[in-house]
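Understanding the architecture of this molecule
Residue strings, one per chain:
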Amino acid sequence: MADWAPQYSKAERIRLLLFHAAWAVPLFLLTEFFFFPWFERYVETAHCHHYGSLNGLELVIYNLFIGLPLGLALVVLAIEGRHSVRVLRLGQSPLPDEKVFRPARYVYGHRARIKPLLFFLLVLLLCGLSVQGFFWADAMIDTLSPDVSRCLGQALQDA
């Protein structure tokens, strides 16, 4: 049995599921019912808002093309990066102190290092996509011509 990684018990699986549901469901609900409606209203008049040298529409586009892939890269790196580094160093997957959800044999050497290398390639791809996103966003901003009449309506409402 030493060739197989230890598994989570049924109670541990349920506890993990409930723990992650406790933060994921409220986050989903907040995003769905508060952030997305607010963002939809904001994007309609984003070009009317100015933040330093950028207007709101430019800020939204840069964040979508640069911030989103870079943010995703940072989040997955924060979640999985340390684990992947340990697997690369030890050359063993699953790690010695790690439990698994379904039966899994220990894998050693180069075969164990394939998934972490693919993971870091994905992070590198997301970072490259973020760099390329700068040029895509620049090109898109040059072609946009936002409706300025919406700004006048908002200015009248504010007055």
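For the structure, see preceding data.
Here's what I pulled together on the structure shown here.

**Brief notes about the overall build of the protein**
Across its full length, the protein carries four helices and four strands. Helices (α) and strands (β) of the protein occur, in sequence order from the N terminus, as α-β-β-α-β-β-α-α. A compact globule built from 159 residues would reach a C-alpha radius of gyration of about 15 Å, whereas the protein, at 23 Å, exceeds it by more than 25%. Principal axes of the C-alpha set define a box for the protein whose edges measure 75 × 35 × 20 Å. Relative to its full complement of 159 residues, the protein shows a buried share of 21%. Considering only contacts within the protein whose residues lie at least 6 apart along the sequence, 66% involve residues at least 24 apart. Carbon together with sulfur atoms contributes 68% to the accessible area of the protein, which is approximately 11800 Å² in total. Of the side-chain charges in the protein, 14 are positive and 13 negative, and the distance between the mean point of each set is 20 Å.

**Details of helix 3 (residues 110–143)**
For helix 3, with 34 residues, the first-to-last C-alpha span of 48 Å sits near the 50 Å given by 1.5 Å per residue. Its axis deflected by about 25 degrees at glutamine 132, helix 3 carries its strongest bend there. Among the residues making up helix 3, those that are buried are Ala112, Pro116, Phe119, Val123, Leu126, Ser130, Gly133, Ala137 and Ile141. For helix 3, the elements touching its buried residues are helix 2 (56–90), strand 3 (92–93) and strand 4 (107–108).

**Side note on the nonpolar core**
One recurring pattern in soluble globular proteins: nonpolar side chains tend to sit buried together. Counting eight residues, the largest nonpolar core consists of Tyr42, Ala46, Leu57, Val60, Ile61, Tyr62, Ala137 and Ile141. When residues of this core are traced back to their parent elements, those giving at least two are helix 2 and helix 3. Filtering out sequence-adjacent residues up to four positions away, valine 60 remains in contact with Phe39, Tyr42, Val43 and Ala46.

**Comments concerning the environment of arginine 113**
Positionally, arginine 113 belongs in helix 3. Sequence separation between arginine 113 and arginine 89 is 24 residues; the distance between their C-alpha atoms is 8.7 Å. Here arginine 113 is in contact with Val87, Leu88, Arg89, Leu90 and Gly91, once residues within four sequence places are set aside.

**Considering a nonpolar patch on the surface**
A cluster of nonpolar residues, Val25, Phe28, Leu29, Leu30, Phe33 and Phe34, forms a patch on the protein surface that exposes about 650 Å² of accessible area. Within the secondary structure, leucine 29 sits in helix 1 (residues 10–44).

**Comments concerning the pattern of salt bridges**
One side chain can pair with another of opposite charge once the charged atoms of both are near each other. One pass over the full model with this rule turns up two salt bridges. Note that lysine 99 and glutamate 12 form a salt bridge whose closest N and O atoms lie 2.9 Å from each other. One end of the pair, lysine 99, is in the loop between strand 3 and strand 4; the other, glutamate 12, is in helix 1, with 87 residues separating them in the sequence. For lysine 99, a relative accessible area of 34% translates into the label partly exposed. One salt bridge connects arginine 86 with aspartate 97, and the closest N-O pair in it is separated by 3.4 Å. Of this pair, arginine 86 sits in helix 2 while aspartate 97 sits in the loop between strand 3 and strand 4; the two residues are 11 residues apart in sequence, bridging distant segments of the chain. Judged by relative accessible area, which is 33%, arginine 86 ranks as partly exposed.

**Digging into unusual backbone geometry**
Residues apart from glycine generally show negative phi values, whereas peptide bonds are mostly found in trans. Following serine 93, the chain continues to proline 94 via a peptide bond in cis, the omega torsion being -10 degrees. Locating proline 94 in the fold gives a position in the loop between strand 3 and strand 4.

Thresholds applied
- Every residue gets a number counted from 1 within its own chain, in the order that chain's sequence is written.
- Selection of residues for local features in this predicted model requires a pLDDT of at least 70, selection of side-chain atom pairs for listing and counting requires 80 or more, and totals for whole chains, interfaces and linings are taken over all residues.
- Side-chain calculation: all heavy atoms of the structure are included, whereas hydrogens and water are not.
- Numbering of helices and strands runs from the N terminus, with a helix taken as a DSSP run of H or I at least four residues long and a strand as a DSSP run of E at least two residues long.
- Only C-alpha atoms enter the radius of gyration, while the globule expectation follows 2.2 Å times N to the 0.38, with N the number of residues.
- In this scheme, a residue with accessible area under 20% of its type's maximum is buried, one over 50% is exposed, and one in between is partly exposed, where area comes from a 1.4 Å probe on protein chains only.
- Note on contacts: a residue pair qualifies if any of its non-hydrogen atoms lie within 4.5 Å across the two residues.
- Where accessible areas are quoted, they stem from the Shrake-Rupley method and a 1.4 Å probe; at the residue level, only the protein chains shown are allowed to cover.
- Only four residue types enter the charge count, namely Lys and Arg as positive and Asp and Glu as negative; His and the chain termini do not.
- By convention, charge coordinates are those of NZ in Lys, CZ in Arg, CG in Asp, or CD in Glu.
- Given a helix with a known number of residues, its expected span is that number minus one, times 1.5 Å.
- Bend at a given residue is defined as the angle between two axes, one fitted to the seven residues that end at that position and one fitted to the seven that begin there.
- For this analysis, a nonpolar core means a set of buried residues of the types Ala, Val, Leu, Ile, Met, Phe, Trp, Tyr and Cys, connected via side-chain atoms within 4.5 Å.
- Only residues whose relative accessible area exceeds 30% and that form no salt bridge are eligible for patches; like-charged ones are grouped when within 9 Å, while nonpolar side chains (Val, Leu, Ile, Met, Phe, Trp, Tyr) are grouped when within 5 Å.
- Any Lys or Arg side-chain nitrogen found within 4 Å of a carboxyl oxygen on Asp or Glu counts as a salt bridge.

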